[in-house]
Amino acid sequence: MAAAAVVVVNKLSYCYQQGGKQILKDLSFTVEQGQIVAILGLSGCGKSTLCLCLGGIIPHYLGGAITGQVLINGRDTVDCKIARLALEVGMVFQDADTQLFSPTVEDEIAFAPENLCLPPERIRQLVDAVIGMVGINHLRYENPNNLSGGQKHLVALAAVLAMGPSILVLDEVLAQLDAAVKKNITELLLELRRRGKTIILVEHDLEAVTIADRVLLLEGGMLVMDGPSSILRNKELLAGHKLL
Ligand SMILES: Nc1ncnc2c1ncn2[C@@H]1O[C@H](COP(=O)(O)OP(=O)(O)OP(=O)(O)O)[C@@H](O)[C@H]1O
């Protein structure tokens, strides 16, 4: 039996301003539970915009003109409250500064579980667990503002994992990590997939996305390729799309 589609994107088009430039053009695809899907494409092709649509940031916070449909675990992102969506989709933004606002890393990770009114002991367990998973115990009492770009992404990832979403949308989270940390986080993503999480990964580094089961390629806001990650070995095809 085929795995359930946890993300359904159906004829999605989007402009940031009514009547403005169309950024996403008639995108349709589905993602099954437990898949790692990489979204590739040249700078400006709409990868981050698509991520924002998947997490409901578009249209809930950024407005604009959206047509078509994005369903997350069967919920339409336009109709579903953003707080509800955040329990299903954990997003780490390309610019992690936009999602970090607490005085310490520990507080940042505890923030959402506290808002869910979880018991203090449970919150402490969750914070310890995700700090361990992401390997940031040494940053626990640091102010997120003082961290490097890569470290901020790790803190945002830990904060998202503390919410226990079934889907992760990670926008260039691996890009700024050094090789050893990148390897650890890659292994973590594979472990999360084994536990049934669905992961959507935007990266420019083709090497970093070889863990993906599937690759989607955007060009000028259009989906021009949707195939297995083995296409990453096809140098001619990649060069043809200016990815090499
Ligand atoms: N808030 C915004 N308002 C208006 N236009 C925007 C906004 N954010 C992005 N854009 C435009 O949308 C287009 C797609 O941007 P997007 O960030 O989604 O591309 P990307 O593929 O993620 O690029 P990169 O790889 O450089 O991160 C670009 O032309 C960009 O200038």
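For the structure itself, consult the block above.
Below you will find a few notes about this structure. Every chain begins its residue count from 1, and numbering advances along the sequence as written. Residue-level local features of this predicted model are given only where pLDDT is at least 70; pairs of side-chain atoms are given and counted only at 80 or more, and the full residue set underlies all totals for whole chains, interfaces and linings.

The helix and strand tally for the protein stands at eight helices and ten strands. The reference for a compact globule is 2.2 Å times residues^0.38; the radius of gyration itself is calculated from the C-alpha atoms. Rg of the C-alpha trace for the protein: 18 Å, near the compact-globule value of 18 Å for 244 residues, within the 12% margin. Dimensions of the protein, computed from the C-alpha atoms along their principal axes, are close to 50 × 40 × 40 Å. Counts of 20 or more other C-beta atoms within 10 Å of a residue's own C-beta define buried residues, counts of 12 or fewer define exposed ones, and intermediate counts define partly exposed ones; C-beta atoms are placed from the backbone. The buried share among the 244 residues of the protein stands at 38%. Placing a C-beta atom from the backbone of each residue, one calls two residues in contact when those atoms lie within 7 Å. A separation of at least 24 residues holds for 67% of the contacts in the protein among residues at least 6 apart in sequence. Here a helix means four or more residues in a row that DSSP labels H or I, a strand means two or more in a row labelled E, and each is numbered from the N terminus.

Right, let's get into the site of the ligand. Around the ligand lies a shell formed by Tyr16, Ile23, Gly41, Ser43, Gly44, Cys45, Gly46, Lys47, Ser48, Thr49 and Gln94. When grouped by side-chain class, the residues that make up the shell around the ligand number three nonpolar, seven polar and one charged. Using a C-beta atom placed from the backbone for every residue, we mark a residue as near a molecule or strand if that atom lies within 6 Å of it. Throughout, the ten residues Ala, Val, Leu, Ile, Met, Phe, Trp, Tyr, Cys and Pro are labelled nonpolar, Asp, Glu, Lys and Arg are labelled charged, and all others, Gly among them, are labelled polar.

Between any two strands, pairing holds if DSSP finds at least two bridges. Ordered in space as 6-7-8-3-9-10, the six strands form an open sheet in which the pairing is mixed. Of all strands in the sheet, those bounded by a partner on one side alone are strand 6 (89-92) and strand 10 (222-228). When strand polarity is set aside, the average angle formed by the axes of neighbouring strands in this sheet is 15 degrees. Bridge count between strand 7 (residues 167-171) and strand 8 (residues 198-202): five bridges; the pairing is parallel. Of the residues in strand 8, the one forming a bridge with Val169 is Ile200. Relative to the sheet, helix 6 (residues 149-161) contacts strand 6 and strand 7, its axis offset from that of strand 6 by approximately 170 degrees. As a rule, the C-alpha atoms of each element are fitted with a line to give its axis, helices using only the stretch in contact, and angles between N-to-C directions run from 0 to 180 degrees.

This part covers the pairing of strand 8. Remember that side chains alternate between the two faces of the sheet whenever the strand is regular. Among the five residues of strand 8, five are classified as buried, and the element is accordingly described as predominantly covered. Side chains Thr198, Ile200 and Val202 of strand 8 all project onto a buried face; the interleaved residues Ile199 and Leu201 project onto the opposite face, where all are buried too. Direction of pairing for strand 3 (residues 36-40) relative to strand 8: parallel, over a ladder of four bridges. Across the sheet, the residue bridging to Ile39 is Val202, located in strand 8.

This paragraph deals with the packing of helix 4 (residues 105-115) against helix 6. Closest axis-to-axis distance for the helix 4/helix 6 pair is 8 Å, and the angle between their directions is 30 degrees. Taken as axis vectors, helix 4 and helix 6 run roughly parallel relative to one another. For the element pair helix 4 and helix 6, the recorded crossing hand is right-handed. On helix 6, the residues that touch Val105, Glu108, Ile109, Phe111 and Ala112 of helix 4 are Val155, Ala158 and Ala159. Residues of the contact of helix 4 with helix 6, tallied by class, amount to seven nonpolar, no polar and one charged. Reported orientations rely on four angle classes, namely roughly parallel under 35 degrees, roughly antiparallel over 145, roughly perpendicular from 65 to 115, and oblique for the rest. Helix crossings fall into two classes, left-handed where the near helix is turned counterclockwise from the far one by less than a right angle and right-handed where it is turned clockwise.

As a further point, take helix 1 (residues 47-54). Residues that lie three or four places apart on an α-helix share one face, since the helix turns once every 3.6 residues. Burial within helix 1 is extensive, with seven of its eight residues counted as buried. Just beyond helix 1, the residue with positive phi is Gly56, at close to 80 degrees.

Mapped onto the elements of the fold, Pro119 is located in the loop between helix 4 and helix 5 (120-134). Expressed as a C-alpha distance, the spacing of Pro119 and Arg75, which sit 44 residues apart in the sequence, is 28 Å.

This paragraph deals with helix 6. Expected helix span is given by 1.5 Å per residue-to-residue step, counting one fewer step than there are residues. The end-to-end C-alpha distance of helix 6 is 18 Å, a good match for the 18 Å that 13 residues give at a rise of 1.5 Å each. Most of helix 6 sits out of view: eleven of its 13 residues are buried. Looking only at helix 6, the buried set comprises Gln151, Lys152, His153, Leu154, Val155, Ala156, Leu157, Ala158, Ala159, Val160 and Leu161. Considering only its buried residues, helix 6 is in contact with strand 6, helix 4, helix 5 and strand 7.

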